[in-house]
Amino acid sequence: MTATDRPERRSPHVPATAGRITPIGLLGRRPVAIIERNFLAYRRMWALFLTGFLEPLLYLGSIGVGVGALVGGVQLASGHTVPYEVFVAPGLFAVAAMNGAIMDTTFGFFVKFKYGKTYDAMLSTPLGVADVAIGEVTWAVLRGAVYALAFLVAMVAFGLVESWWAVLALPIAMLIAYAFAGAGLAASTFMRSFVDFDFISLALVPLFLFSATFFPLERYPEWLAAVVRITPLYQGVSLTRAVVLGDLHWGLLAPVTYLVVMGTVGLRIAARRLGTLLQP
Amino acid sequence: MTATRSGVLRVVEREAQIFKSLWRGPVILSFITPVMFLAGMGVGLGGMVDDGTGGSGAGASDLGGLDYLSFVTPGLLVASAMQVAAGESLWPVMAGKKWMRTYHAMVATPLDARHVFGGLIVWSGVRAAMSGAAFLLVAAILGGVPSPWAPLALLASVGCAMAVSSLVATFAVGQESDQSFAVLMRIGIIPLFLFSGTFFPVEQLPDAVEPFAAVSPLWHAAELARGATTGHIEALEVLLHSLALVGFFVVGWWWGTRRFTRELQT
Amino acid sequence: MRPGTPAVASAAVTEPAEPPLIHASSLTKRFDDFTAVDGIDFEVRRGEAFGFLGANGAGKSSTMRMIGCVSERTDGELQVLGLDPRGHGTDIRGRIGVVPQEDNLDTELTVWDNLLIYGRYFDLPRDVIRRRAEELLEFAQLTERKHDRVDPLSGGMKRRLTIARALMNRPELILLDEPTTGLDPQARHLLWERLYQLKREGATLVLTTHYLDEAEQLCDRLVIMDRARIVAAGSPRALIDAHATREVVELRFATSDARDDAALALEQDAAGARVEALAERVLVYTDDTDHTMGRVDALITPPASVLVRRSTLEDVYLMITGRTLDE
Ligand SMILES: Nc1ncnc2c1ncn2[C@@H]1O[C@H](COP(=O)(O)OP(=O)(O)OP(=O)(O)O)[C@@H](O)[C@H]1O
Ligand SMILES: [Mg+2]
């Protein structure tokens, strides 16, 4: 038998498409399967899922209503004065979206990544690392949106919504969730152990407190206000506040762009890092 | 009794050892978090309260003549003690019982389940005292601590931590996974944190809800701490609130020793 | 070709018919400047059970991961199912089943949901998944544990579930990385039973193991890896015939001094083809057992125990690498 009479496929030396080598498993077929997986998992952990949106709601009751009674009204940049709880609710709405997005992309991700080896199992199927990243981020966006929706319903029930533009809050919640899910997932791929997650908390607490969530930007010293203006949650808070209070203008495209870029950059970093970590 | 006490010390020693090796994260968090709340709520939001921009609020008069920063400082002090204690009594307990089984290693020595439980509680108190002292110092610099009696507030803080720790660890050791822990934080610890007279006086709660403050260890501790940092509290109040904290602790201890023993030594 | 690297690939050239399922030549994996797999050549044919044998760190898992398209090769050629993993990872992974060295079942899901979702990763329709999952639960003898969470299952059950899971996509090729490590003898035999069954049904198995008896039982052909290279290849019988003597006399001694003296004396007496002093025993490889036993009887300090047995793969391994596998 000679080399020539063998069938072609005996040695199907596949030439790499000129200049472009697809890494071993970047994009596969089904990021949707990852959403299904999380859905199945939370079916048995429903309490964990359902209680996830309570925190901002409780803050609304305590700080918004309780402390709000001591504060009275808040004068907005636009000039008119609103009750304190009307001011604070959009901020906490943005927090609800952020929380929903962060839970499964940081700590939840790490547990599965490090201890469950869940992603190793996924990657031995046709799924690729980009599927994993896209799937987890999409799931997180859904979770953030569910929490935001629940919070929005509460806001309407308490009469804290002033404008029909508030329906726009939902897509904004998804933007916020996208930004934080992408960034959270990217950050988590750099964590070495659970102890490192303290640094994520350390970043989230000031974002929560100082994104003009509880008091308007005018109350910050000049330099601090400048810093707050470039932080991520502030983008979400100011967007939400604008639509809930019916104060729309073209300038809002800036925070929208900010959040889209943040999520996308995070997602790309996460996919690349996952490839390095899971497919060495 | 001496045996028990030295056994508890052994366990505390171990916790301190671990803490020393990874102190950065926990220390930063348990100190910085309340300080950030103090800056955000006490100074930032407090500025709005004190300005009393009108509305239904009558500002300072509702706070017993205190400015908001002085009102919220003792609340945050004991609330962070509660948070630290809850954190120390949930996941580490699951690690000891199940993930790393260190508790089982401990009870295989002359230590028994009561030492493990007691050590955990004492350690929560130590943590609360450490981060509380640092917090009080910062609050004093910011002007949130009018009275020289303020250091006594640390006693309330430690009492709160130990009472909470005894109850929460009792819950935790009976669980088979950590799934319920986040739920407990969300439906237990956070509501206590927000509605126990920490951020606004409980008198503002709806009348039907207000009496429930009495079952919050945090409220008793907050009242005691506020008495110390402001210097205004009746002797009788001190007695009753202290008794309440001791009561929570006794219940936790009685129940917890049984549960720890059942989980670790049967 | 490197000395000591037998040409496994060239043996396959005489074999006509089908192209190999896996073809590797000069396959290399480096982690930074550490070489985990150093230019190995092998071929796996359809329908056979092919084994990788070697001590810890020999490079077995690294090789398996390259075949499974979750680790990119650094150098050399690799084809799996006629495709290059570079650029066809997704297609290849869709047609193989993988049992990793460490179980990575989804601990947040039940036994049933593990199979279900794994099928979804392959984009299988739900009714197909349900049918196969039922069958595979039966196959893995886990039907009663269907609705239990994975965590409390025993090691053997988890391993069986991992194997069942790997079969959800009806793979043409199954990669098993140490399928029986950590199992008790009974669980091992049950697993072997299952693997035979798969082979009878026409699957191609590629497995790694530390257990030479397992390799002898399961593998049609195998390669022995040592320090990132293939040092021997062939069927278990052929390897034993080529590298070991007919029989082995195993001697144990009460003290290490007695052991050392005996090893020296037997060596000088030419008691067998080769004398090997291990941590707690002396092995004499021999084709003439009577001669060897005569020498043993002449020892000044008689051994505490004597065992005469046929050569095994373990001896082959020892002959080639100079070390035992279980060290
Ligand atoms: N991701 C990695 N980064 C760096 N080195 C690695 C990596 N994976 C494996 N190695 C190294 O490559 C060598 C071969 O490892 P491999 O896991 O392939 O061995 P093995 O034959 O499967 O061993 P075992 O029997 O212990 O499973 C080892 O020295 C290991 O430390
Ligand atoms: Mg291995």
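> Just give me the short version of the overall build of chain A, but keep the residues and values in it.
Within chain A, the secondary structure is distributed over 12 helices and two strands. Mapped in sequence order, the helices and strands of chain A form the string α-α-α-β-β-α-α-α-α-α-α-α-α-α. For chain A, buried positions account for 56% of its 280 residues. Look at the contacts in chain A between residues 6 or more apart in sequence, and 80% of them connect residues 24 or more apart. Accessible surface, chain A: about 11700 Å² in total, of which carbon and sulfur atoms supply 69%.

> Would you mind going over the packing of aromatic side chains in detail, with residue names and values included?
If you walk through the whole model with that rule in mind, you get 32 aromatic pairs over all chains. A centroid spacing of 6.3 Å and a plane angle of 55° characterise the contact between F171 of chain B and F181 of chain B, whose relative ring orientation is tilted. Here F171 of chain B, found in helix α7 (residues 153–173), pairs with F181 of chain B, found in helix α8 (residues 179–195); they are 10 residues apart in sequence, far enough to count as distant. Here the aromatic rings of Y118 of chain C and Y121 of chain C are separated by 6.0 Å at their centres, their planes lie at 65°, and the arrangement is edge-to-face. Residue Y118 of chain C and its partner Y121 of chain C are located together in helix α4 (residues 111–121), separated by three residues, close to a single helical turn. A relative accessible area of 2% places Y118 of chain C in the buried class. Look at Y121 of chain C and you get buried, because its relative accessible area is 4%.

> Tell me what's going on with the nonpolar core, and back it up with residues and numbers.
Counting 225 residues, the largest nonpolar core has Y59, Y84 and F214 of chain A together with F37, F199 and F260 of chain B as its most contacted members. The greatest single-element share of this core, amounting to 14 residues, is contributed by helix α4 (residues 84–105) of chain A. The residues contacting F199 of chain B, other than those within four sequence positions of it, are S62, I63 and V67 of chain A together with F37, M41, Y68, F71, V72, L76, F193 and L194 of chain B.

> Can you explain the sheet that holds strand β6 (residues 173–177) of chain C? Please cite residues and give values.
Neighbouring strands of a sheet are bound in pairs by backbone hydrogen bonds; such pairs are parallel or else antiparallel. Residue and element names in this part refer to chain C. The sheet built from six strands is open, its strands ordered β5-β6-β7-β3-β8-β9 with mixed pairing. Of all strands in the sheet, those bounded by a partner on one side alone are β5 (96–99) and β9 (229–234). Looking at each pair of strands side by side, their axes are set apart by 15° on average, direction ignored. Here helix α2 (residues 60–67) sits on the sheet in contact with β3 (49–54), β5, β6, β7 (204–209) and β8 (221–226), set at roughly 145° to β3. Packing of helix α9 (residues 236–243) onto the sheet brings it into contact with β8 and β9, and relative to β9 it is tilted by some 105°.

> Could you give an account of the interface of chain A and chain C, naming the residues involved and the relevant values?
Interface size is commonly expressed as the accessible surface area that is lost when the partners come together. Taken together, the contact between chain A and chain C spans 40 residues of the former and 44 residues of the latter. Buried surface at the junction of chain A and chain C, summed over both partners, amounts to about 3700 Å²; 53% is from carbon and sulfur atoms. Where chain A meets chain C, there are five salt bridges. The partner of R120 of chain C in a salt bridge is E36 of chain A, and the shortest N-O contact between them spans 2.9 Å. For the pair chain A and chain C, the number of links is 12 residue pairs in polar contact (both at pLDDT 80 or more). Put simply, the parts of the chain that give the side of chain A that touches chain C at least two residues each are α1 (31–43), α5 (107–116) and α6 (118–123) of chain A.

> Summarise the coordination of the magnesium ion (ligand 2); cite the residues concerned and give the values.
Residue and element names in this part refer to chain C. Within the first shell, the magnesium ion (ligand 2) binds the protein through S61 (OG) and Q101 (OE1), at distances of 1.9 to 2.1 Å. Placement of S61 in helix α2 and of Q101 in the loop between β5 and α4 is noted, with a sequence separation of 40 residues between them. Judged by relative accessible area, which is 39%, Q101 ranks as partly exposed.

> Describe the site of ligand 1, naming the residues involved and giving the relevant values.
Among the 15 residues in the neighbourhood of ligand 1, the closest are listed as N56, G57, K60, S61 and S62 of chain C. The residues that come close to ligand 1 belong to more than one chain, namely chains A and C. Interatomic distance of 2.7 Å between a side-chain N/O atom of K60 of chain C and an oxygen atom of ligand 1. Bound to the protein, ligand 1 loses 65% of the 630 Å² it would expose on its own. Where the shell around ligand 1 is concerned, the elements lending two or more residues are β2 (34–44) and α2 of chain C. Looking at the shell around ligand 1, the element that brings in the most residues is α2 of chain C, giving three residues. Its residues assigned to classes, the shell around ligand 1 comprises six nonpolar, seven polar and two charged.

> Kindly report on the environment of G144 of chain B, identifying the contributing residues and their values.
Residue and element names in this part refer to chain B. With respect to the helices and strands, G144 occurs in the loop between α6 (113–142) and α7. For G144, a relative accessible area of 0% corresponds to the buried category. The sequence separation of G144 and V43 amounts to 101 residues, and the corresponding C-alpha distance is 9.3 Å. Aside from chain neighbours lying at most four places away, what touches G144 is L69, S70, T73 and A139.

> Any details on helix α9 (residues 217–230) of chain B? Residues and values, ideally.
Along an α-helix, a turn takes 3.6 residues, which lines up residues three or four apart on a common side. Residue and element names in this part refer to chain B. In this model, α9 (14 residues) spans 20 Å end to end at C-alpha, consistent with the 20 Å of a helix rising 1.5 Å per residue. A large share of α9 lies buried, amounting to 13 of its 14 residues. Looking one or two residues past α9, G231 carries a phi angle of roughly 80°, positive in sign.

> With reference to specific residues and values, describe the packing of α4 of chain A against helix α8 (residues 169–188) of chain A.
Residues and elements named next belong to chain A. Where α4 contacts α8, the two axes come as close as 8 Å, and the packing angle between them is 35°. Handedness of the α4/α8 crossing: right-handed. Every residue of α8 that contacts α4 at F93, A94, A97, M98, A101, I102 and T105 is listed here: A169, L170, A173, I176, A177, F180, A181, G184, L185 and S188.

> Residue-level account of a nonpolar patch on the surface, with values.
Residues W164, W165, V167, L168 and L248 of chain A make up a contiguous nonpolar surface patch of roughly 580 Å² in combined accessible area. Mapped onto the elements of the fold, W165 of chain A is located in the loop between α7 (129–157) and α8.

> Pulling in residues and values, what's your account of the interface of chain A and chain B?
Opposite the 36 residues of chain A that make contact, chain B presents 41 residues. Both faces combined, the contact of chain A with chain B buries some 3200 Å², and carbon together with sulfur accounts for 75% of it. For the chain A face of the interface with chain B, the top three residues by lost area are L58, L70 and R219 of chain A, together amounting to 20%. Inspection of the chain A/chain B interface yields one salt bridge. The partner of D51 of chain B in a salt bridge is R219 of chain A, with the nearest N and O atoms 2.6 Å apart. At the boundary of chain A with chain B, the tally comes to five residue pairs in polar contact (both at pLDDT 80 or more). Listed by contribution, the elements that provide at least two residues to the side of chain A that touches chain B are α2 (46–50), α3 (54–71), β1 (73–75), α4 and α9 (197–209) of chain A.

> Which residues make up the pairing of β2 of chain C, and what values go with them?
All names here are of chain C. Counting buried residues along β2, eight of its 11 residues qualify, which places the element largely inside the surrounding structure. In terms of strand pairing, strand β1 (residues 22–31) meets β2 through seven bridges, oriented antiparallel. When the sheet's bridge partners are listed, L27 is paired in β2 with I40. What sits between the antiparallel neighbours β1 and β2 is a turn of two residues, in which D32 has the positive phi angle 50°.

> Any details on the pairing of strand β10 (residues 247–252) of chain C? Residues and values, ideally.
All names here are of chain C. Judged by how many residues are buried, β10 sits mostly within the fold: five of six residues are covered. Alignment of β10 against strand β13 (residues 305–310), held across six bridges, turns out to be antiparallel. Of the residues in β13, the one forming a bridge with E247 is R310.

Basis of the calculations
- Residues numbered from 1 in each chain as written.
- Chains lettered and ligands numbered in written order.
- Predicted model: local features only at pLDDT ≥ 70, side-chain atom pairs only at ≥ 80, totals over all residues.
- Heavy atoms only, no water.
- Helix = DSSP H or I, 4+ residues; strand = E, 2+ residues; numbered from the N terminus.
- Buried < 20%, exposed > 50% of the residue type's maximum accessible area, 1.4 Å probe, protein only.
- Contact = heavy atoms within 4.5 Å.
- Areas by Shrake-Rupley, 256 points an atom, 1.4 Å probe, with all protein chains shown as cover.
- Phe/Tyr/Trp six-rings, centres within 6.5 Å; stacked < 30°, edge-to-face > 60°.
- Core = buried A, V, L, I, M, F, W, Y, C linked by side-chain atoms within 4.5 Å.
- Pairing = 2+ DSSP bridges.
- Axes fitted to C-alpha atoms, helices over the stretch in contact; angles between N-to-C directions.
- Buried area = accessible area lost by both parts, 1.4 Å probe.
- Salt bridge = Lys/Arg side-chain N within 4 Å of Asp/Glu carboxyl O.
- Polar contact = N/O pair within 3.5 Å; in protein donor to acceptor, adjacent residues only side chain to side chain.
- Donors = N, O, S within 2.8 Å, 3.2 Å for Na, K, Ca; no water.
- Near = heavy atom within 4 Å.
- Nonpolar A, V, L, I, M, F, W, Y, C, P; charged D, E, K, R; others polar.
- Expected span 1.5 Å × (residues − 1).
- Left-handed = near helix turned anticlockwise from the far one by under 90°.
- Patch = residues over 30% accessible without salt bridge, like charges linked within 9 Å, V, L, I, M, F, W, Y side chains within 5 Å.

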